[in-house]
Structures are given as C-alpha cells and as structure tokens.
Number of protein chains: 2
Amino acid sequence: MFDKNRLILVTNDDGITSKGIKALIEVAQHYGTVAVVAPNSPQSAMGHAITISQPLRLQKVDIFDGVDIAYACSGTPVDCVKLAIDKVLPSKPSLCLSGVNHGSNIATNVIYSGTMSAAMEAAMSHIPAIGFSLMCYSSNADMDTAKVVAHKIIRQVLQNGMAQCNLLNVNIPDVAASALKGIKICRQAKAYWKENYSERTDPIGRKYYWLSGDFINYDTVADNDLHAVNNNYVAVVPVQHDLTAYKDMQRLNEQWTLDV
Amino acid sequence: MFDKNRLILVTNDDGITSKGIKALIEVAQHYGTVAVVAPNSPQSAMGHAITISQPLRLQKVDIFDGVDIAYACSGTPVDCVKLAIDKVLPSKPSLCLSGVNHGSNIATNVIYSGTMSAAMEAAMSHIPAIGFSLMCYSSNADMDTAKVVAHKIIRQVLQNGMAQCNLLNVNIPDVAASALKGIKICRQAKAYWKENYSERTDPIGRKYYWLSGDFINYDTVADNDLHAVNNNYVAVVPVQHDLTAYKDMQRLNEQWTLDV
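Worth saying up front: this structure is predicted, and the values here are computed from it rather than measured.

1. A short note on the relation of the copies chain B and chain A
When chain B is fitted onto chain A, the two copies agree to an RMSD of 0.0 Å after a turn of 180 degrees and an axial shift of 0.0 Å. This pairing of chains is accounted for by a two-fold axis. A shared interface surface links the copies, since 100% of the contact residues of chain B are contact residues in chain A too.

This is the structure:
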C-alpha cells in the first residue's frame, strides 16, 4: 500500500527523541513519504495551547532512517502541526499521525492531551488525522503491539475510509499483540480528574503546589473507550471539534428569554 | 438575587490585573460570594494546557473591593480552576465565570481559548460555568456592554436554568448595549485559522517564526455564533466536553473490519 506521493506528517507530544514517535515513523514509512515536525522537549498535557507571544524555532534533525524532512520545534504539539503545514511541508499532507503517546489518552484525557490536540489541529485543517496512545507511561515502553495496531488502523483508513470527523483517538492496551481481542469503536468515557495537589515548602519557606490527582470514572455503560482497553480491545473513538451541545440549544431556546 | 451562600469562582486567561476580570467580578458580586483565582500573567491561547512538570505558586492579592479570597496563580487558566477547587475555595462553587476575555472566542477559537478551557474544566468537575468574551482585543476595552450582558446571562441561568452540558460560551459584540438586538442561542461556526507565520532572522542570523494567520469562515448557514455577533446579537453556544463523533461510530462499525 506504499505510495510515495502520499505525504504523511508525524508528530507527538513526548518529544522528537521519544521511543513512541520512532515506532510510528517506522510504521508510516510503509505507506508514504514521511515528514516529521515534533517538539524538542516533552509537551504532555499541553492541550490545544499555541504560542502567540514568543517566536518559534525549527531545528533540522537527522535521526530517522529514510526521513529527509525532520524538524525539532520549540513550540507545543499544535504549533508543530501549524508550522509544518505553513513552513515545512512541500504540500498539504494526506495524513497526520500523532504519537505513539507514552500513556493513556482515554476518556476526557483527550482534552488535555498534546498528542490528540496536534491531531485535532490537522483535522481542523481538513487533514485526516490519527492519534495513537499506548497504555504505558514508561519512556522505555515496548512499542511492538503499538506498531501492529498502527499498521492495522492505517490500513483500515486507507482501504475502508476515514471517519467524517477526520480524527481518530486510538488507545492501545499494553499487552502482547496476540492478547488483543480486536478493535472496538467507542465513545469517550465519562470521567474526570479529581485534583489532589501536593502542598510543599521550598528551601526559603514559600509554599508551592504540585499537580496530583485521581482519575474518576463515572461511566456505567460498557460501550466506552476505558472499558474497551480494560478488556484488551483497541479503543477507537472518532473525535469531533464541533463542541456545540446541540440538544441544549433547543432547551435554552425554550427556557430562556432572549431580549437584552 | 444575591445569596451570600452562593460561592462564585471567577477566573480568566488575560491575567488577574486585566480590565475584563474586574468587570466580571463586579457583576458576580450581585449574585453571591466571589472568589478569584486567575493567572498572574497573560495566558491567552493556552487551550486546556495544565502544568505537570513544574510547581505552581499562589499569591494572595487585595485588589478587588469586597473580595476576600483572591489569588494570582503562576499556572494556566485550567491550573487556576484546579487549584481553586482543591486548595483555595472553602467549598465547591455554585458557579464558575471566566473572562471577560479581551477578544473573540467565536467558532473554533473555543478550542484554543484559555478563557473557555478554564470554564470547561469547571464544567467537567460538575460546576456550571460560563465564559464571556468581548469582541474587542484592546486591553483598555470598554466593558459596559459586557457587564450588561453578563448580568442578563447570569440571571437567565439562575432563573431559567443552565444547559445540561453545564457550559456556555458567550460572545458579546463591541457595541453600546442599546445597539444589541438580543441573545441568539447558536452553534459553533465552521471556521479555522490558516497559518501565515512571519519568518524572521534574529541578530545572530538564525531564523525564527512568529504566528500569524487568517481566520477562514466556511460556514454558510446563519445559525452560528459568528453570524450572530456580526449582526449585533449576543451569541450563546452551549459547549460539551464529550468530543465523540457519534455518527461516525456507526459508519466505522459498518465499514471497518475489527479484528487485529
């Protein structure tokens, strides 16, 4: 299924030297010409942040076999996609792949995720995009299963079509590929983080706070991504960037008075 | 409609010294006990970024008449809401107000917006939340119309009910209140930013890039927020944090093969 005219942009949020992006690049090279623009430092949990008050830098790197266009960027994951589209790539890419993230982007984590925000930025620019996340936070995570899954998902997209929303959130259980039960098309689980900041004191006696918390799953129906990965399925959630709560529009129109 | 037991958290992304947050605090004080946790520096376009690799600081400030709980925070707008809930507030707030933002958060800007991401963080923690944005980017913007609108919207929420999604994106035309035609309940307009980075050279000859771009509206039906504000209506979009593209779930289930 290789097509050299198929330009594939690969990015991530863990940084250009992470194991996950190397794995994803190796998979992507089976399907087209790969270009890489990824952060020069870890950018996890940067959400859809963009850099508006600082200049951005691009540094050409030569660390991926067979990849001619590869740049480390000083900005956020979304900055990487924007700069790639505008300044780096010779043409609009056919596909954007983000990840493989070292850690889960299940449930509402999609909203905090730099990996998924980069992919969403591509989708908003009408580029089909897929974010891949492995349910293992180790920087030395074994990417073998992730590579098998990435091949499978990319082939599905190329052969059987992309979601109309142009964006998929793929979460991969951290098990051997032979232990996977299949793919489940899921909805985002209802869950949130309950903060529990660690309150500490610095060497000169001033307080500081370090983020910590518990992930609270309050979803009770099984068709969600968290349930899928917990049962050794690959979870695929089609993700939209239209955040309108359409049902609420009708409710507000009926209940509110709309004069000022 | 004042109730001292109604605890209202006010935050923003332009920073705690901005004119917009002062205006919103003055409105909020008519409805309950106001507490403020807001960034100590401008945090526009930070999206849903959270700080995970750095400590956070809180500094008590005394710059708002009649507000006992007010802190400047070193983090992002979402950090402010998280820290407020976990460490600052005496109890869970009844309402979170974010803004008044100096500038538009129309259409897909909701995704980049620190103002709206702060409000979304509250909504994700089951706190009703409203983000207010004035269609004027000046730090010295006239907030009189925004205050009239904020009063109106807060009263609607208290009297006639909140959206089930718990989050409203309110964009306010920069005109005299008397020129407003009313409120429109809208959907998010289909639009995106087309990047056009300014490429420059620093004093030692290295290239850098500065974000610039054009806002491309490709929405052709009038029931969207951009159309509303352009016609002097206050645009209210109910915003959800479930990003699942439900229609695509069915499509993918029909078109894909799901074995691995």
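2. Comments concerning the sheet that holds strand 5 (residues 95–102) of chain A
All names here are of chain A. Across the sheet, nine strands lie side by side as 3-4-2-1-5-6-7-13-8; this open sheet has mixed pairing. Either end of the sheet is taken by a strand with one partner, and the two such strands are strand 3 (58–60) and strand 8 (182–185). Neighbour to neighbour, the strand axes of the sheet diverge by 20 degrees on average, direction disregarded. Contacts from helix 1 (residues 19–28) reach strand 1 (7–11), strand 2 (33–39), strand 5 and strand 6 (129–134), with the element oriented near 145 degrees to strand 5.

3. Re the environment of Gly47(B)
Relative to the assigned elements, Gly47(B) resides in the loop between strand 2 (32–39) and strand 3 (58–60). Gly47(B) sits 64 residues away from Ile111(B) along the chain, and the two C-alpha atoms are 6.2 Å apart. Aside from chain neighbours lying at most four places away, what touches Gly47(B) is Gly47(A), His48(A), Ala49(A), Ser117(A), Ile111(B), Tyr112(B), Gly114(B) and Ser117(B).

4. Looking at the sheet that holds strand 6 (residues 129–134) of chain B
Residue and element names in this part refer to chain B. As summarised here, the arrangement of the nine strands in space is 3-4-2-1-5-6-7-13-8, forming an open sheet in which the pairing is mixed. Each end of this open sheet is capped by a strand with a single partner; those strands are strand 3 and strand 8 (182–185). On average, each strand axis in the sheet is tilted by 25 degrees relative to the strand beside it, whichever way the strands run. Relative to strand 4 (residues 69–73), strand 2 runs parallel, the two being bridged by five bridges. Pairing of Ala 35 across the sheet is with Ile 69, part of strand 4.

Analysis parameters
- Residues numbered from 1 in each chain as written.
- Chains lettered and ligands numbered in written order.
- Predicted model: local features only at pLDDT ≥ 70, side-chain atom pairs only at ≥ 80, totals over all residues.
- Least-squares fit on C-alpha atoms with pLDDT ≥ 70 in both.
- Contact = placed C-beta atoms within 7 Å.
- Pairing = 2+ DSSP bridges.
- Helix = DSSP H or I, 4+ residues; strand = E, 2+ residues; numbered from the N terminus.
- Axes fitted to C-alpha atoms, helices over the stretch in contact; angles between N-to-C directions.

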